[in-house]
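# Remarks on the overall topology
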Amino acid sequence: MNTSDIQTRAINTLRFLSADGVQQANSGHPGLPMGAAAMAFTIWTRHLHHNPHNPKWMGRDRFLLSGGHGSMLLYSLLHLTGYDLSLDELKNFRQWGSRTPGHPEFGLTPGVEMTTGPLGQGFATGVGMAIASTHLAAVYSPELFDNFIYAIVTDGDLMEGVASEAASLAGHLQLGKLIYLYDDNHISIDGSTDLAFTEDRAKRFEAYGWHVQKVNDGNNVDAIDAAIIAAKYDPRPSIIMCRTVIGFGAPKKQGTSKVHGEPLGDEELNAAKENLRWPKAPRFYIPDDVLDFYREAAERGQQAESAWKQKFTEFKKSNPEKGTELERRLAGRLPKGWEKVLPVFPADTKGMATRAASGKVINALAPILPELLGGSADLAPSNNTKIENVPAFQKESPHGRNFHFGVREHAMGAALNGMALFGGLIPYGGTFLVFSDYNRPAIRIAALSHIPSIFIFTHDSIGLGEDGPTHQPVEHLAALRAIPNLTVIRPADANETVQAWKVALARRDGPTVLALTRQAVPTFQPSNLQLEKGAYVLGAFGKKAPDVILMASGSEVSLIMDAAKKLHEKGHSVRVVSVPSWELFEKQDAAYRESVLPKKVAARVAVEAGVGMGWERFVGPGGKVISIERFGASAPYKVIYEKLGLTVENIIAQARSVIPKKIAKPKSKVKKTVNKKTVKRK
């Protein structure tokens, strides 16, 4: 059997495993796998360093299918090369409980490096992976971190704004580890890309500072191979523009939008197989010699991993301290006693902004947590994200830990995910809370994928003041809390901020949002804070059971504390509950939740400088929520708080309105003497 013959049949195996899977599911996208099969074949059989028997091997290259709708292509590659993904799973494509969902999901399917589907996210997340590999190579060893980040990207990816942001950042940083193959098939769902996407993509990427090559025939394996080799030797990020035919082989549908997002149909599928000289039956056919050819990847992978482990052993011998540190980082362990460096802030009525406290925490941790790194979207002085006396990550200083993401929140969020997914790093990124909308797609991917990225959102309410409603978040806390597996923490003071960081660093199964104030807030006594429980009793005024419970998050906690003191002076027993994180509180057992918010106390008032949606679960039918159900205004923040009812006086009034009226004891019955004399009317 000659090489070209098995190569052709190996590529067609990818095409028809994918098309058969889509047809059996009666749902999916056959066009991309059929058109991009030769590109994927070239990457996976000639360049990708990976070990199917150990998908988490640190020394591997990464492959991202940014066009996640073509997922059957990736599943076919994983099965053929020997990952733990059976043929039955391919036959169960898009079905309940399968490991072959409609779009690839990280953590579900072995060998899937990230969850893709929302276009542009794979492109941008790969930039973060390249940053991570480049940084670790500079800090430890280029031999240990010689990874390349490969991706197949699509027209849709390049149209999405997040890809433009990420491409610009990657070009600036000259991330030569990026090698992206562009599936340039000129087709989108609506039809030809001429309808909406007509710029010169090659010149666009040249302007970003990328190395751009063109392959005129996306089925020419040797040409693709040569382009990848050239890309490896170029210091710039590379994009290889491969002119392909979507749905290649399908006689009536290839090159049309009809093949993008729907099954071929039995007739067209059989015609495609006949066209490419492939057996019509059985479905999911894999020639034995083709399977043997692909399965050679396992042996190559084990050899490559063994060689890498030997390099790691030699590195540890030569650099015992760094070797131990790197081993710890790659295992995702924090150093022993790391909590001891966390600052403790004394009680102070003047206090400080929680964003300022966060900056102090970052700088306290930085010397003992070399994996902690990050930056902001051109807001470092405002977000307090800078690590002092440490260089920025730039082309000339890849060992740097401060990141200038520029005004690119979309790309920043995805890059954080990429860094976290790569391993060995704890990345954080900052912007204003109102701009969390720009981070939201990446946050959602992080939550879905259990990625422990940390998002620092400052200027968290109308408390930012004069910048006005364009910059004052109102609905954002509620919107973020609506995302499953996202932990949102809005600390009340400097010491809660310390604890919030402690929670975020220890959390390894999902992302964390820290919502921090612009304005100073009082610092409470640090001894009785229990932020890790999500909600806790911060203050109790009165020895008897509480008449009313006041609860709040963030900057409003100081308001309810002041209100509680005044209510107590008027004879009421008041409990003050700080609620920095709904998600953490709801993870506590029922007994603890009852101890904080006992059912017998129905009089409750919640206060938050945002929309009240969701607080009803805590105040119940007998309580009230003081919130903001409108946009803010441009004025000093204290004026805005007063005008919108976020005042101690209003909290007191609302609390008194929900406290049950005292029921007077009935007087004992006394026998009355009735004067039976007639009283004349005047």
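Structure report, in brief. (Residues numbered from 1 in each chain as written. Predicted model: local features only at pLDDT ≥ 70, side-chain atom pairs only at ≥ 80, totals over all residues. Heavy atoms only, no water.)

### A closer look at the overall build of the protein chain
Our working rule: Helix and strand assignments come from DSSP, with helices taken as H or I runs of at least 4 residues and strands as E runs of at least 2, each series counted from the N terminus. The contact criterion used is simple: two residues touch if any of their non-hydrogen atoms lie within 4.5 Å. Charge counting follows a simple rule: Lys and Arg are positive, Asp and Glu are negative, and His as well as the terminal groups are ignored. To locate a charge, take atom NZ for lysine, CZ for arginine, CG for aspartate or CD for glutamate.
In terms of helices and strands, the protein chain carries 24 helices and 20 strands. Dimensions of the protein chain, computed from C-alpha atoms along their principal axes, come out at roughly 130 × 65 × 45 Å. Once local pairs closer than 6 in sequence are excluded, the contacts in the protein chain between residues at least 24 apart make up 77%. Charge centroids of the protein chain, computed over 81 positive and 69 negative side chains, lie 16 Å from each other.

### Section: unusual backbone geometry
In this model, alanine 281 is joined to proline 282 through a cis peptide bond whose omega is 0°. Examined against the element boundaries, proline 282 turns out to sit in the loop between helix H10 (266–275) and helix H11 (288–318). Positive phi, normally seen in glycine, also occurs at phenylalanine 284, with a value near 60°. Looking at the element boundaries, phenylalanine 284 is found in the loop between H10 and H11.

### A look at the pattern of salt bridges
Heads up, the condition is: The working definition used for a salt bridge is a side-chain nitrogen of Lys or Arg within 4 Å of a carboxyl oxygen of Asp or Glu. The buried label applies to any residue whose accessible area, calculated with a 1.4 Å probe on protein chains only, is under 20% of its type's maximum; exposed applies above 50%, and partly exposed to all values in between.
A complete count under the given rule lists 28 salt bridges for this structure. Across the pair aspartate 266 and arginine 283 runs a salt bridge, and its minimum N-O distance is 2.9 Å. Here aspartate 266, found in helix H10, pairs with arginine 283, found in the loop between H10 and H11; they are 17 residues apart in sequence, far enough to count as distant. A relative accessible area of 30% means that arginine 283 is categorised as partly exposed. Salt bridges here are not isolated pairs; linked through shared partners, they connect Asp460, Arg481, Arg490, Glu556 and Glu608.

### A look at the sheet that holds strand E1 (residues 62–65)
Applicable threshold: DSSP calls a pair of strands paired once it identifies at least 2 bridges connecting them. The angle between two axes is taken between their N-to-C directions and runs from 0 to 180 degrees, where each axis is a line fitted to C-alpha atoms and a helix contributes only its stretch in contact.
Sheet architecture is open: five strands sit in the order E1-E2-E3-E7-E6, paired in parallel fashion. Either end of the sheet is taken by a strand with one partner, and the two such strands are E1 and strand E6 (211–215). Between one strand and the next, the sheet's axes are offset by a mean angle of 20°, whatever the strand orientation. Helix H5 (residues 121–139) rests against E1, strand E2 (149–154) and strand E3 (178–184) of the sheet, and its axis sits at about 165° to E3. Lying over the sheet, helix H8 (residues 201–208) contacts E3, E6 and strand E7 (238–243), oriented at roughly 160° with respect to E6.

### As for the packing of aromatic side chains
Basically, it comes down to this: Planes of paired rings set the category: under 30 degrees apart is stacked, over 60 is edge-to-face and the rest tilted, where pairs are Phe, Tyr or Trp rings (Trp by its six-membered ring) whose centres lie within 6.5 Å. When the NZ atom of lysine or the CZ atom of arginine is within 6 Å of a ring's centre and also within 35 degrees of its normal, the charge is said to sit over that ring.
In the structure shown here, the tally under the stated rule is 30 aromatic pairs. Both rings, one in tyrosine 140 and one in phenylalanine 315, keep their centres 6.4 Å apart while their planes meet at 80°; by these two values the pair is edge-to-face. Taken together, the positions of tyrosine 140 in the loop between H5 and E2 and phenylalanine 315 in helix H11 put the pair 175 residues apart, joining distant regions of the chain. On the basis of relative accessible area, tyrosine 140 is assigned to the buried category, the value being 8%. Their ring planes at 15° and their centres at 5.5 Å tell us that phenylalanine 403 and phenylalanine 405 sit as a pair that is stacked. Grouping residues by exposure puts phenylalanine 403 and phenylalanine 405 together as buried. Three or more aromatic residues joined by ring pairs make a cluster, and in this case those are Phe123, Tyr180, Phe205, Tyr208 and Trp210. Note that arginine 62 overlies the ring of phenylalanine 422, its terminal NZ or CZ placed 4.0 Å from the centroid. Positioned above the aromatic ring of phenylalanine 312, the side-chain terminus of lysine 316 is 5.0 Å from the ring centre.

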